[in-house]
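Residue-level structure breakdown
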Amino acid sequence: MKNEELRGMTDAELNVKVQDLQHERLNLRIQQQSGQLERPTRLQEIRKTIARIETIRSERRLAAATEAAK
């Protein structure tokens, strides 16, 4: 997913997206261990997308804390 798409989502939507990606990642890791994984690069894509979402969530928390401090 693109950063613009992720930034347009609400916090609740981001939480759901992370849960879905983590579930997919688990399934892909199981497939990888059994030798049935067709697209190994999908694991890397999921990992990076989760990191992007966590970065956006962190930025929002910091922005909210900054606003509260003012």
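Read on for an overview of the structure. (Residues numbered from 1 in each chain as written. Predicted model: local features only at pLDDT ≥ 70, side-chain atom pairs only at ≥ 80, totals over all residues. Heavy atoms only, no water.)

A word on the nonpolar core. Counting residues in each nonpolar core, the largest one holds 12 residues, listed as Leu6, Met9, Leu14, Val18, Leu21, Leu28, Leu37, Leu43, Ile46, Ile50, Ile53 and Ile56. The element best represented in this core is helix α3 (residues 41–69), accounting for 5 residues. Ignoring anything within four residues of it in the chain, the contact list for Leu43 reads Arg25, Leu28, Arg29, Gln32 and Leu37. (Core = buried A, V, L, I, M, F, W, Y, C linked by side-chain atoms within 4.5 Å. Buried < 20%, exposed > 50% of the residue type's maximum accessible area, 1.4 Å probe, protein only. Helix = DSSP H or I, 4+ residues; strand = E, 2+ residues; numbered from the N terminus. Contact = heavy atoms within 4.5 Å.)

All told, the structure shown has 6 salt bridges when counted by the stated rule. Across the pair Glu24 and Arg42 runs a salt bridge whose closest N-O atoms are separated by 3.0 Å. Linking Glu24 in helix α2 (residues 11–34) with Arg42 in helix α3, this pair joins segments that are 18 residues apart in sequence. For Glu24, a relative accessible area of 29% gives the class partly exposed. Residues joined in a network through salt bridges with shared partners are Glu24, Arg39, Arg42 and Glu45. (Salt bridge = Lys/Arg side-chain N within 4 Å of Asp/Glu carboxyl O.)

In this section: the side chain of Thr49. Tracing the backbone through its elements, the reader meets Thr49 in helix α3. Excluding residues within four positions of it along the chain, Thr49 makes contact with Met1 and Leu21.

All right, on to a positive patch on the surface then. On the surface, Lys2, Arg25, Arg29, Arg47, Lys48 and Arg52 cluster together into a patch of positive charge. Breaking the positive patch down by element, the ones donating at least two residues are α2 and α3. Counting residues per element, the positive patch draws most heavily on α3, which supplies 3 residues. Checked against the element boundaries, Arg29 lands in helix α2. (Patch = residues over 30% accessible without salt bridge, like charges linked within 9 Å, V, L, I, M, F, W, Y side chains within 5 Å. Areas by Shrake-Rupley, 256 points an atom, 1.4 Å probe, with all protein chains shown as cover. Lys, Arg positive; Asp, Glu negative; His and termini not counted. Charge placed at Lys NZ, Arg CZ, Asp CG, Glu CD.)

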